[in-house]
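The lines below spell out each chain.
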Amino acid sequence: MKKTPLYQWHIDNGAKMAEFAGYSMPLWYPQGARTEHISVIEHAGLFDTSHMAVLLIQGDGAHQLLQLAFSKDLDRCLGLKKTPLVQGRSVYGVFLNERGHVIDDAIVTRQAESLYTVVVNAGMGGTISDHLRQLPTVAPVEVVDLSDKLGKIDIQGPASADILGRLLQDPAGVYTGFPYFSSKGWFDLSQPKSVLLADGTPILLSRTGYTGEFGFEIFLEPRHLEKVWGALLEEGGDRICPCGLASRDSLRAGAMLPLSHQDIGGWPFKANPWQFALPVDERGVFTKRFIGAEALLHTEKVQFTFPFAGFDPRKIVPGENTAVLDGEGRKVGSILTCATDMAIGRAGERIVSLATAVTDGRPEDFKAKGLCCGFVMVSEKFSPGAQLFLTDGKRKIPIEIREEIRPDRTARRTMREMFHN
C-alpha cells in the first residue's frame, strides 16, 4: 500500500489504519469517529487528503479539452446568470465515457488564462490523465499528473478560518473576496500572488471540501506537510482534532455528497441528486456537446438514486445480501451508502442539527443521537417523505426519502460571517 507523508504521524498518534484506494489511511483516532464528526460541526477537524490526485491541464488547448471531456460547461457555469469560469473559481462535475457512465467526479479550477487544476479521487490520476491524453485537441495542451507529488490537508468546520488565519501572513487580505468554490495562491513561489504562511511557506488555498461545512483545502509541497499539520493542531487547541475516513464518510453522507464508484459510477449519470453537474439551460437542454451526452439523451430505462434518512442511528452497510424494500416487502432496489450522521436527530417531524439555532426549531434540550443516512438506488420514482426499508435479511430499518439530510450546513456562508479575528 502507498503511504502519505503523514503516515508515521498517524501511527504515532494511535490512528486505526486501513486500506483505501491503495493507500494506508486513518479510519479514526483514539477520540473516536463520533467526536471527530461533531468537532467538524461545532468547531473544526483536520483531514489528511494527500491521497487525492491533482492534474494540471495547461496550454492553448486546455479549455477546449475540458469542454469536451468534463460535464460542466466552462462558458456557462457561475452563479444564477451562468457566466464563464474565471481565474480563481472552481466548479464540480464528472468525466463520463461514451456510455454516459461516470469515470470519476472532479473539481476543476481555472488558475490562469490557460492553466487549470483538476482534483480527482485517490488512484484516479493516471486513469483520468490517460483518458484526456487520448482525446483530440485543436491546440497544444499538456496533461500533468501530480499524484503523490503534492501534499493536501483539509481543515473543515466553522472555526477553520480563525485557526488557519493564525498561520497566514495576511489573513485579512487572503480572506477578502474569497467566495465558496474559489481558490487563491499556488503551492510554490512561481506565481507572484502567492498565499504565504507566516514562515513563508507558499500554499494553494481552496474554499472547498467534502463535509458540507465551511472550510478549506490546502495544497502544498509534501516536505511542508507535517509542519503545517502540527501547527494547525497546535493553533486550534481544543477547537480542532485530527479526523479519519469514518467521519469523512459520515459527514459527506449527511451533506448529500456522492462517493465516486459507489454512489455514481458504472451506470448512466441520470435520475440522481447531482444533475447540476450537467450543462443544462433553463429549458433542460444541454448547452454544449461533451463525451457521454448522446448516451444520456437516449437512455430511457434508468434507476433512480435518492437521498434518505432513518429514524435512529442504526445502519445497514451495503453488501451482497442487503436490499431496499417498499412498504409491502417487495425488493425495489439496493443500498449505495449508509452511514450515521452523528450531529442530527429528529424533533417531531423535522430533522435538526447541532448547528440549528433554537430559534429555528432545535429544542433547547436537544442531544444528537444521530440518524442513519445515505443513498439508495431504486427501480421506481419515490416522492420526498416516502417510507422504505433497508434490510440485511435479519434486520429491517425504516427510512424516509429526503430532499435534504443535515440542515444548517455552513459551507456556503461568507467569509465575513465565518472569520472573527
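For the structure, check the block above.
Residues numbered from 1 in each chain as written. Predicted model: local features only at pLDDT ≥ 70, side-chain atom pairs only at ≥ 80, totals over all residues. Heavy atoms only, no water.

Trainee: Explain the nonpolar core here, please?
Mentor: Generally speaking, nonpolar side chains in soluble globular proteins are found buried as a group. In terms of nonpolar packing, the biggest core is built from 35 residues, with Y175, F216 and L232 touching the most fellow members. Elements that contribute at least two residues to this core include exactly β4 (44–48), β10 (151–156), α5 (160–165), α6 (171–175), β13 (202–206), β14 (215–220), α7 (225–236) and α10 (415–418). Element by element, the count of residues in this core is highest for α7, at five residues. If you look at the next biggest cluster of nonpolar residues, it comprises 27 residues, including V94, I264, F286 and I344. (Core = buried A, V, L, I, M, F, W, Y, C linked by side-chain atoms within 4.5 Å. Buried < 20%, exposed > 50% of the residue type's maximum accessible area, 1.4 Å probe, protein only. Helix = DSSP H or I, 4+ residues; strand = E, 2+ residues; numbered from the N terminus.)

Trainee: I'm lost on the packing of aromatic side chains in this one. Help?
Mentor: Given two aromatic rings, their pairing is described by the distance between the two centres and the angle made by the two planes. Enumeration over the complete set of coordinates arrives at 13 aromatic pairs. Aromatic side chains W274 and F375 sit 5.0 Å apart centroid to centroid with 70° between the ring planes, which places their arrangement in the edge-to-face category. Remark: F375 occurs in strand β21 (residues 371–378) and W274 occurs in the loop between α8 (245–254) and α9 (293–298); sequence separation between them is 101 residues. Residue class for W274 comes out buried when judged on its relative accessible area of 2%. Aromatic side chains F286 and F290 sit 5.2 Å apart centroid to centroid with 65° between the ring planes, which places their arrangement in the edge-to-face category. Site record: aromatic cluster; members linked through ring pairs are Y175, F178, F214, F216 and F419. (Phe/Tyr/Trp six-rings, centres within 6.5 Å; stacked < 30°, edge-to-face > 60°.)

Trainee: Is there a simple way to think about the sheet that holds strand β22 (residues 387–391) in this case?
Mentor: Spatially, β16-β21-β18-β17-β22-β23 is the arrangement adopted by the six strands of the closed barrel, whose pairing is antiparallel. Averaged over neighbouring strand pairs, the angle between their axes works out to 45° when direction is ignored. The pairing of strand β17 (residues 323–325) with strand β18 (residues 331–341) spans two bridges and is antiparallel. The residue bridging V324 from the neighbouring strand is G333, located in β18. α8 contacts β18 and β21 of the sheet and is inclined by roughly 120° relative to β18. (Pairing = 2+ DSSP bridges. Axes fitted to C-alpha atoms, helices over the stretch in contact; angles between N-to-C directions. Contact = heavy atoms within 4.5 Å.)

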